[in-house]
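# Examining the three-dimensional arrangement
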Amino acid sequence: MKDLKYLSAYLVPLCAIIGVFLQGPWSLLTPVYAFVLVPILELLFPVNDTNISDEEKQSKATLHWTDFLLYLNVIIVFGIIYFTITTITSNKLSSYEMIGLIFSCGIVIGSNGINVAHELGHRNSKVEQFLGKLLLLPALYMHFFIEHNFGHHLHAATPQDPATAKYNQPLYHFWFTSITRQYTNAWRIQMRLLKGEKHSFLSYKNDMLWYTIFQILYLYSAYYFFGSIGFQVVLFAAIAGFLLLETINYIEHYGLRRKKRESGRYERVREVHSWNSNHVFGRIMLFELTRHSDHHYRANKKYQLLDYHEISPQLPYGYPTSMVLALFPPIWFKIMNKRVPEDQKPVIPS
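Calculation notes
Residues numbered from 1 in each chain as written. Predicted model: local features only at pLDDT ≥ 70, side-chain atom pairs only at ≥ 80, totals over all residues. Heavy atoms only, no water. UniProt positions renumbered as here; feature names shortened; annotations may be inferred. Helix = DSSP H or I, 4+ residues; strand = E, 2+ residues; numbered from the N terminus. Axes fitted to C-alpha atoms, helices over the stretch in contact; angles between N-to-C directions. Parallel < 35°, antiparallel > 145°, perpendicular 65-115°, else oblique. Left-handed = near helix turned anticlockwise from the far one by under 90°. Contact = heavy atoms within 4.5 Å. Nonpolar A, V, L, I, M, F, W, Y, C, P; charged D, E, K, R; others polar. Bend = angle between axes of the 7 residues up to and from the residue. Buried < 20%, exposed > 50% of the residue type's maximum accessible area, 1.4 Å probe, protein only. Core = buried A, V, L, I, M, F, W, Y, C linked by side-chain atoms within 4.5 Å. 1 Å grid on protein atoms, 1.4 Å probe; cavity = no way out; pocket = protein on both sides within 12 Å on 5 of 7 lines; lining within 4 Å. Points joined across faces, edges and corners; volume = space filled by probe spheres on them. Expected span 1.5 Å × (residues − 1). Salt bridge = Lys/Arg side-chain N within 4 Å of Asp/Glu carboxyl O. Patch = residues over 30% accessible without salt bridge, like charges linked within 9 Å, V, L, I, M, F, W, Y side chains within 5 Å. Areas by Shrake-Rupley, 256 points an atom, 1.4 Å probe, with all protein chains shown as cover. pLDDT = per-residue confidence, 0-100. Polar contact = N/O pair within 3.5 Å; in protein donor to acceptor, adjacent residues only side chain to side chain.

### Here we look at the UniProt feature "domain: Fatty acid desaturase" (unreviewed entry) in the protein chain
- Here, the residues flagged by UniProt with the feature "domain: Fatty acid desaturase" (unreviewed entry) are residues 101-320.
- Summarising residues 101-320: 60% helix, 0% strand, and an end-to-end C-alpha distance of 20 Å.

Set out below in structure tokens:
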């Protein structure tokens with residue numbers, strides 16, 4: 001019964017569906033819910049740092065109904081994209097209604113698309129990995145599968161990782177550096193993998209090439225069936241979706257650094273190298289992504305099994321609230337810089 005709380009993760013797409021069908025002011029329901037109501041609820045709901053028992057973990061380690069909550073997002077995400085396109089292209093809507101519906105679709109792509117794709121992309125099952133890649137398609141971010149699994153988890157909290165925000169780095173600068181470097185890193189990793197297996201660029205094993213083809217076909221299909229308006233809808237919804245991802249990337253490791261050993265290698269990733277949050281509503285909304293330290297400790301550990309670690313740095317607010325604060329760099333720096341451990345802050349030359 002306790003797992004029923006994860007049904008709350010569907011409230012974001014539910015708000016988007018309401019906006020699509022009722023339009024008018026309801027078009028803005030999803031962003032208002034995600035970035036106004038949820039932060040308020042995070043303040044009202046208690047912080048829960050308890051971990052589930054070993055017996056519960058054992059029962060949920062195999063295929064569990066909470067896994068099907070993830071799979072269902074494939075239908076939900078693509079369904080909302082379709083209804084958003086058809087509503088915008090077949091109705092005379094005001095500018096704010098179109099912006100609201102597209103941004104709402106982008107929020108769904110970010111929370112129920114990319115976030116769930118991240119979870120499934122770490123699973124050992126090829127079917128689950130395929131579903132994860134499919135959920136990255138609407139965000140035009142399929143390269144995330146390669147860079148995240150073979151790059152970020154190796155280099156997190158080091159200068160080599162584009163998805164780790166530096167101390168005092170504004171969010172908007174991070175967006176540019178992370179987006180561009182993750183994409184180029186993904187190609188670099190792909191070419192290294194092909195070379196290691198003695199495959200050419202045109203090999204069927206060049207996943208990055210396949211991702212590029214699929215994403216172009218996705219955009220072309222939107223244009224072919226729904227015209228230039230349909231193309232713009234999927235494009236701007238994708239941008240909104242991956243900017244939400246990058247905002248989460250920003251807060252997950254902001255200012256945290258692994259120490260470099262005398263050998264030149266960095267210390268292994270530990271519980272102190274990710275920001276965590278036990279604010280209940282944000283945890284549920286993002287399928288426990290906020291217990292990020294434990295995720296880096298065992299990447300293929302299912303979301304419902306993730307643990308809280310006392311030594312992990314804790315955000316003063318939940319992830320949704322922190323995302324809003326990150327949009328205002330002076331406020332973010334004032335709140336977070338004093339929380340970054342002194343031994344992890346960059347050394348300023350005297």
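Now that the structure has been shown, we can carry on.
### Points about the packing of helix α8 (residues 171-196) against helix α9 (residues 207-253)
- One way to put it is that α8 packs onto α9 with a least axis distance of 9 Å and a crossing angle of 110°. Between α8 and α9, the interaxial angle falls into the category roughly perpendicular. In this structure, α8 crosses over α9, and the sense of that crossing is right-handed. Across the interface between the two elements, Leu171, Phe174, Trp175, Ser178, Ile179, Gln182, Tyr183, Ala186, Trp187 and Gln190 of α8 pack against Asp207, Met208, Leu209, Thr212, Phe242, Leu243, Glu246, Thr247, Asn249 and Tyr250 of α9.
- Classifying every residue of the contact of α8 with α9 by side-chain character gives 12 nonpolar, six polar and two charged.

### Description of helix α2 (residues 29-44)
- The sharpest bend along α2 reaches about 35° and sits at Leu37, with the proline Pro39 one to four residues further on.
- Residues Thr30, Pro31, Tyr33, Ala34, Val38, Pro39, Leu41 and Glu42 constitute the buried set of α2.

### Describing the nonpolar core
- Counting 86 residues, the largest nonpolar core has Ile81, Tyr250, Tyr254 and Trp332 as the members making the most contacts within it.
- A total of 15 residues in this core trace back to one element, the largest contributor, which is α9.
- When near neighbours in sequence (up to four residues on either side) are disregarded, Trp332 contacts Tyr250, Ile251, Tyr254, Leu315, Ser322, Leu325, Ala326 and Asn337.

### Looking at unusual backbone geometry
- The phi torsion at Leu140 lies on the positive side, around 55°, for a residue other than glycine.
- Structurally, Leu140 is set in the loop between α6 (126-136) and α7 (144-155).
- Residue classification places Leu140 among the buried positions, given a relative accessible area of 17%.

### A short note on the layout of surface pockets
- For the largest pocket, the calculated volume is near 640 Å³.
- Along the wall of the largest pocket there are 22 residues; nearest its centre are Gln129, Lys133, Phe145, Asp207 and Tyr211.
- Elements represented by at least two residues in the lining of the largest pocket include exactly α6, α7, α8 and α9.
- Ranked by residue count, the leading element in the lining of the largest pocket is α6, at five residues.
- Taken together, the residues of the lining of the largest pocket sort by class into 13 nonpolar, four polar and five charged.
- The computed volume of the second largest pocket comes to approximately 250 Å³.
- For the second largest pocket, the lining is made up of 17 residues, of which Lys5, Asn48, Thr50, Ile52 and Arg283 are closest to its centre.
- Mapped onto the lining of the second largest pocket, the elements with two or more residues apiece are α3 (54-60) and α10 (280-285).
- Residues of the lining of the second largest pocket, tallied by class, amount to five nonpolar, four polar and eight charged.

### Observations regarding the UniProt feature "transmembrane region" (unreviewed entry) in the protein chain
- With numbering matched to this structure, UniProt assigns "transmembrane region" (unreviewed entry) to residues 7-24, 30-47, 68-86, 98-117, 208-226 and 232-251.
- Between the first and last C-alpha atoms of residues 30-47 the distance is 24 Å; the span itself is 83% helix and 0% strand.

### Observations concerning α9
- For α9, built from 47 residues, the straight-helix expectation of 69 Å at 1.5 Å per residue is missed by more than 12%, its first-to-last C-alpha distance being only 28 Å.
- Roughly 140° is the biggest bend found in α9, and it falls at Phe226.
- Positive backbone phi, at 70°, marks Gly255, one or two positions downstream of α9.

### Some details on the pattern of salt bridges
- One pass over the full model with this rule turns up 12 salt bridges.
- Among the ionic pairs, Lys301 bridges to Asp294, the shortest N-O distance being 2.7 Å. Summarising the burial analysis for this pair, Lys301 and Asp294 share the class buried.
- Because the salt bridges share partners, they merge into one network encompassing Asp67, Glu119, Arg123, Glu128 and Lys302.

### Quick notes on a nonpolar patch on the surface
- Together, Leu28, Val32, Val36, Leu37, Ile40, Leu44, Phe45 and Tyr96 make up an exposed nonpolar region whose accessible area comes to about 700 Å².
- Among the elements that line the nonpolar patch, the one with the most residues is α2, at five residues.

### Observations concerning the confidence of the model for the protein chain
- For the protein chain, the average pLDDT comes to 93, and 98% of its residues sit at 70 or higher.
- The least confident element of the protein chain is α3, whose mean pLDDT is 80; the most confident is α9, at 98.

### Description of the environment of Gly318
- Locating Gly318 in the fold gives a position in the loop between α11 (292-297) and α12 (319-326).
- It is 8.0 Å that separates the C-alpha atoms of Gly318 and Phe281, two residues lying 37 residues apart in sequence.
- Among residues more than four places away in sequence, those in contact with Gly318 are Glu42, Ser277 and His279.

### Let's talk about the environment of Asp307
- In this structure, Asp307 sits in the loop between α11 and α12.
- A relative accessible area of 10% means that Asp307 is categorised as buried.
- Sequence separation of Asp307 and Thr50 is 257 residues, and the distance between their C-alpha atoms is 8.0 Å.
- Setting aside chain neighbours within four positions, we find Asp307 in contact with Asn51, Lys57, Arg291, Asp294 and Lys301.
- A distance of 2.7 Å separates a polar atom in the side chain of Asp307 from a polar atom in the side chain of Lys57.

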